[in-house]
There are 2 protein chains.
Amino acid sequence: MKKKGKITDIEGKKMAKFSKIPEATIRRLSSYLKCMVDLEGKNEKVASSAVIASICNVNAAQVRKDFAYFGEFGIRGMGYNVKDLKRHIKEILGINREWRIAVVGVGNMGSALLVYKDFLKQNYKIVAAFDLYPEMVIGRISERVGKPVEILHVDRLKEVVSARNIEIGIITTPPQEAQKVADQLIEANIKGILNFSPAPVRTSENVKLRNLFFTSALDNLVYYLSN
Amino acid sequence: MKKKGKITDIEGKKMAKFSKIPEATIRRLSSYLKCMVDLEGKNEKVASSAVIASICNVNAAQVRKDFAYFGEFGIRGMGYNVKDLKRHIKEILGINREWRIAVVGVGNMGSALLVYKDFLKQNYKIVAAFDLYPEMVIGRISERVGKPVEILHVDRLKEVVSARNIEIGIITTPPQEAQKVADQLIEANIKGILNFSPAPVRTSENVKLRNLFFTSALDNLVYYLSN
DNA sequence: TATTGTGAAGCCTTTCACAGCA
DNA sequence: TGCTGTGAAAGGCTTCACAATA
């Protein structure tokens, strides 16, 4: 950080000073992070932008520019220190602390998420699960995945979100329930929603929404297979 | 289609004549399609670009321009016919026919996908499932999800992909198996791979890859919650 | 010497604004 | 009249090319 200092340290937290960070950069940061975890697992200490670029399928200048938005993390002539870069990316993304999550809808997908190991590795902690029929859920999944969290009736959503300091809700209900659940999450003062259900969902202005549509990934793949 | 005819009909198939279609447009088409399905379910016959834009959180001009790459689908003064537009989008994406899929790795996530209803609705058909320990899988999931497809040993992948005309492989193995499975799928002459495992995967030039990293969606959400 | 950090150029995408049309 | 289709302008992102430097 020298000429134009791109980062401010406020109370020990790194923040982008110039908030004109491209959305695409943020998306790529996630993928760079996966790359760092992978390289760390292979005991690589240092990685050049060229190496990172080739793993993540992007241009090397892109990689350097993406990092440069947030500071000077590299060593000229060498590359980037894998451990340090990993730490920096986590700080930038805000995932250098635990995020407490509720899963709403404990069907097949929901129960898969309850035991999804990659969430835990990344400091994402599912601390509550809700369903319309908690007793049936327990019968359905308990012998298979154990009992990672108690399954509660969805009526208790607001109370429990508040009591357990839950900031993010994941919707894994059937599509016809998705909007209702979103409304309940908003009512419970959730901060962000990740919608796994294949239905469009509206939120209020102050609740961030991300959709994760499985078929969209397939649609995209198929388009490029067909054209 | 009038001045610059953006579409050719070759053997009954619509194709983009000028292939300079933005990638972002293709991503949005998927979301417009979900919107159309939703509106159709609500018995809406016609939708303006403004309505579609507001549901999909984009600009109305964007919506019109996206469609205009492929033809003139709208009616001035009216909007777009929901059913027709849905059909057009499916044609453009190439999902107006069945796509045969194999799921590799029948753990919690894999078995959730085997019975994921939205795939079927969209003409995505899972016609084979593979695991390292098929007998154990059957014990694990059969009483819960029934037996949508027979679970086969992964050794039979190449043979079965060929015999069943499978074009797409979905990887839902633990991360440490992902690359090996990708290599086997490539060896089996698969056309495209959708990687659900949280590990980076390399493919050969002629095999298209899409990653669907759950934590990336969370990372992105969290970044915007933190900043 | 190898590789980063970065202005500047070029390219791509979005938005505006309005002509064209049902 | 109301909404689409689209040229042109604006804006944003990526890539190039090279100075800076460990």
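A short tour of the structure in this document, coming up. (Residues numbered from 1 in each chain as written. Chains lettered and ligands numbered in written order. Predicted model: local features only at pLDDT ≥ 70, side-chain atom pairs only at ≥ 80, totals over all residues. Heavy atoms only, no water.)

Brief notes about the interface of chain B and chain A
Next up, step 1: If you look at the interface, chain B gives 61 residues, while chain A gives 61 residues.
Next up, step 2: In this assembly, chain B packs against chain A so that about 5,700 Å² is buried in total across both faces, 67% of it on carbon and sulfur atoms.
Next up, step 3: For the pair chain B and chain A, the number of links is zero salt bridges.
Next up, step 4: Summed over the shared surface of chain B and chain A, the result is eleven residue pairs in polar contact (both at pLDDT 80 or more).
Next up, step 5: By residue number, the principal contributor to the side of chain B that touches chain A is helix 10 (residues 214-226) of chain B, which donates 13 residues.
Next up, step 6: Of the residues in the side of chain B that touches chain A, the class split is 37 nonpolar, eleven polar and 13 charged. (Contact = heavy atoms within 4.5 Å. Buried area = accessible area lost by both parts, 1.4 Å probe. Salt bridge = Lys/Arg side-chain N within 4 Å of Asp/Glu carboxyl O. Polar contact = N/O pair within 3.5 Å; in protein donor to acceptor, adjacent residues only side chain to side chain. Helix = DSSP H or I, 4+ residues; strand = E, 2+ residues; numbered from the N terminus. Nonpolar A, V, L, I, M, F, W, Y, C, P; charged D, E, K, R; others polar.)

Section: the relation of the copies chain B and chain A
Next up, step 1: At an RMSD of 0.0 Å, chain B and chain A line up after a rotation of 180° and a shift of 0.0 Å along the axis. Both copies of the chain, as the preceding transformation shows, are related through a two-fold rotation axis.
Next up, step 2: When you check the interface residues of chain B against chain A, 100% turn up at the interface there too, and the contact is symmetric in its surfaces. (Least-squares fit on C-alpha atoms with pLDDT ≥ 70 in both.)

As for the protein's contact with DNA strand C
Next up, step 1: What surrounds DNA strand C is a group of 27 residues, the closest being S49, R64, R76 and Y80 of chain A together with R28 of chain B.
Next up, step 2: Take the atoms of DNA strand C that sit within 4 Å of the protein: sugar and phosphate atoms are 65% of them.
Next up, step 3: A distance of 3.2 Å separates a base oxygen of DNA strand C from a polar side-chain atom of K65 of chain A.
Next up, step 4: Within the side chain of E72 of chain A, a nitrogen or oxygen atom sits 3.2 Å from a sugar or linking oxygen of DNA strand C.
Next up, step 5: Those elements that place two or more of their residues in the surface near DNA strand C are helix 3 (60-68), strand 4 (74-75) and strand 5 (79-81) of chain A together with helix 1 (23-41) and helix 3 (60-68) of chain B.
Next up, step 6: Here the surface near DNA strand C is composed, by residue class, of nine nonpolar, seven polar and eleven charged. (Near = heavy atom within 4 Å.)

Notes on the pairing of strand 9 (residues 168-171) of chain A
All names here are of chain A.
Next up, step 1: Here strand 9 shows two buried faces, one formed by I168 and I170 and the other by G169 and I171.
Next up, step 2: Across four bridges, strand 9 lies against strand 10 (residues 192-195) in parallel orientation. When the bridges of strand 10 are listed, G169 appears paired with I193.
Next up, step 3: The β-α-β motif built from strand 9, the intervening helix 9 (residues 175-187) and the parallel element strand 10 has right-handed crossover chirality. (Buried < 20%, exposed > 50% of the residue type's maximum accessible area, 1.4 Å probe, protein only. Pairing = 2+ DSSP bridges. Right-handed = clockwise from strand over helix to strand, strands pointing away.)

Section: the packing of helix 1 of chain B against helix 3 of chain B
Residues and elements named next belong to chain B.
Next up, step 1: Two numbers describe how helix 1 lies on helix 3: the axes approach to 10 Å, and their chain directions differ by 105°. Relative to helix 3, helix 1 is oriented roughly perpendicular. Contact with helix 1, carried on its side by T25, R28, L29 and Y32, involves Q62, V63, D66 and F67 of helix 3 and no other residues of that element.
Next up, step 2: In the contact of helix 1 with helix 3, the residues fall into four nonpolar, two polar and two charged. (Axes fitted to C-alpha atoms, helices over the stretch in contact; angles between N-to-C directions. Parallel < 35°, antiparallel > 145°, perpendicular 65-115°, else oblique.)

A few points about the protein's contact with DNA strand D
Next up, step 1: Among the 27 residues in the neighbourhood of DNA strand D, the closest are listed as R28 of chain A together with S49, R64, R76 and Y80 of chain B.
Next up, step 2: Separating a base nitrogen of DNA strand D from a side-chain N or O atom of R64 of chain B is a distance of 2.8 Å.
Next up, step 3: Where the surface near DNA strand D is concerned, the elements lending two or more residues are helix 1 (23-41) and helix 3 of chain A together with helix 3, strand 4 (74-75) and strand 5 (79-81) of chain B.
Next up, step 4: Per-element tally for the surface near DNA strand D: the top contributor is helix 3 of chain A, with four residues.
Next up, step 5: Of the residues assigned to the surface near DNA strand D, the class counts are nine nonpolar, seven polar and eleven charged.

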